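Examination of the molecular architecture
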Amino acid sequence: MKNQLHLLLLAILVCCSCGKADQDKPLSLINQEEKVVPDAAAEPKLILDQWSPLSLLTVSTNELAYSSGMDIGDINGDGLMDIVFGNRYFLATAEEESDWGIKKIDGAFDGHTIMFLGDERGTGLVGMDGARLIQLLPDLDDPNLMTAKIVAQLPKHRGSDMRAYKKVQIVTGGAEELLITGREGIYMVEADDMEEWSVSLIGPDAHYGQFATGDIDRDGDEDLAAAIAVGDDYDLVWFENPGDGSQYWNDHPLRQSIGLVDQIGLAQLDADDRLDVILTNASQSSEELLELRVFMQQDTGWAQQDVLVTASDITFDLGDLDGDEDVDIASIHDDGETGTSLWVWENNARGDFAARMVADNLNHANRMQLSDVDQDGDLDLLYTQSAGDVVLSLLVNKAIP
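As a starting point, this report considers the structure included with it.

Rules used in this analysis
- Residues numbered from 1 in each chain as written.
- Predicted model: local features only at pLDDT ≥ 70, side-chain atom pairs only at ≥ 80, totals over all residues.
- Heavy atoms only, no water.
- Helix = DSSP H or I, 4+ residues; strand = E, 2+ residues; numbered from the N terminus.
- Buried < 20%, exposed > 50% of the residue type's maximum accessible area, 1.4 Å probe, protein only.
- Areas by Shrake-Rupley, 256 points an atom, 1.4 Å probe, with all protein chains shown as cover.
- Pairing = 2+ DSSP bridges.
- Salt bridge = Lys/Arg side-chain N within 4 Å of Asp/Glu carboxyl O.
- Contact = heavy atoms within 4.5 Å.
- Phe/Tyr/Trp six-rings, centres within 6.5 Å; stacked < 30°, edge-to-face > 60°.

So, the overall build of the protein chain
- The number of helices and strands found in the protein chain is 1 helix and 28 strands.
- Relative to its full complement of 401 residues, the protein chain shows a buried share of 48%.
- Carbon together with sulfur atoms contributes 48% to the accessible area of the protein chain, which is approximately 19,200 Å² in total.

What follows is the structure in structure tokens.
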């Protein structure tokens, strides 16, 4: 009996020590499976240089700001992918790419922040008018009309109505939450059954520029990557989702002194089952060189890789463009020779990239979004240009005929 008791106590001690060892490990090692790196990158399956340009809108800056928000989704529940840009929305009404019904959203609405709902709250849009969050829903009697309702109030922004925003599942179950930047950081808006949606601060002190979401610590919920101001510079941090819907998430350092950040993305760029960070800098002077950088999450920290250094502004988005089942980078920038062009940085499944220019003459493109707009299985590109007028264009990818 004593021997059995000793064995039981020994087993308990071993289990407890194993749990403590896991707690003492670096974040990236907890629950880590053995890193698998493919012997060779998958062969690209899609042709990248078959794009059909389509101009959707050209208006003066008096009518629409170049910084207007844009999004892609089904606005009226007909199964087709529609487009919203500022106070205009474009209804995909037929299979022909050029056949779009263009509508204007009337009423108090600034157009800088706009995104689709498209879940159990119904179809429609949500946008901002200064500090007021407005829900825009198709009219029951006329789906071409929008009805507006104020659903929340956010703190006034820092000197501008431009905000970064995303729709993400933060709280388990129910509808996705809205994340929007404001005066004190990143706010989470929960659309509950009450007339007024609840607002809480989850990313305190985060810069009001871009942020990214993803499961950085691999615990099953969405975290945040963002920049915070430190003196005259900025540090890159990630905010840990506590998993209980509470506010004031703890931040963890990722990289110090990274300069003013323009865009941030999160994606698994290699085969180690961990998210990596992709970011670009914003220009603070005409002489400053801008960078597209990658920070690969490793056992000992984050390893920096410089992908592109250029004198022009860079905008990017992420997706599998060549069909080999890894995440590529699509960027628009001026390379100094061919003007503003679309480049695809083909990933070899290890986080190493080969650059290829796939479309040129994009003329001061400054925002972009990848999505399968025509739903044919490849990624199309929606982008804006600002060369006197404000232009919204769509590059339809013909990789899959």
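Read on, since the account is not over.
Here we look at the pairing of strand β23 (residues 328-334)
- Counting buried positions over the 7 residues of β23 gives 6, a clear majority of the element.
- As defined by bridge partners, strand β22 (residues 315-319) adjoins β23 across 5 bridges and the pair is classed as antiparallel. When the sheet's bridge partners are listed, Gly319 is paired in β23 with Asp328.
- Across 6 bridges, β23 lies against strand β24 (residues 340-347) in antiparallel orientation. Bridge pairing in β24 links Ile329 to Trp345.

A word on the pattern of salt bridges
- Scanning all chains against the criterion turns up 7 salt bridges.
- Across the pair Asp129 and Arg132 runs a salt bridge, and its minimum N-O distance is 2.4 Å.
- The network of salt bridges with common partners includes Asp272, Arg274 and Asp299.

Digging into the pairing of strand β7 (residues 125-129)
- Counting buried positions along β7 yields 5 of 5 residues, so the element is predominantly enclosed.
- Every second residue of β7 is oriented toward a common face, with Leu125, Gly127 and Asp129 on one face and Val126 and Met128 on the other, all of them buried.
- The sheet contact formed by strand β6 (residues 114-116) and β7 spans 3 bridges and is antiparallel. Bridging across to β7, Phe116 finds its partner in Leu125.
- Both β7 and strand β8 (residues 132-138) contribute to a ladder of 5 bridges, which runs antiparallel. Looking across to β8, one finds that Met128 is bridged to Leu133.
- Counting the residues that bridge the hairpin from β7 to β8 gives 2 residues, and of these Gly130 lies at a positive phi of roughly 65 degrees.

Re the environment of Ser386
- Of note, Ser386 is situated in strand β27 (residues 380-387).
- When the C-alpha atoms of Ser386 and Ser67 are compared, they prove to be 9.3 Å apart, with 319 residues separating the residues in sequence.
- For Ser386, the contacting residues outside a window of four places in its chain are Tyr66, His364 and Asn366.

Here we look at the packing of aromatic side chains
- Tallying each qualifying case throughout the model produces 1 aromatic pair.
- On the basis of an interplanar angle of 25 degrees and a centroid distance of 6.4 Å, the ring pair of Trp343 and Trp345 is categorised as stacked. The same class applies to Trp343 and to Trp345, which are both buried.

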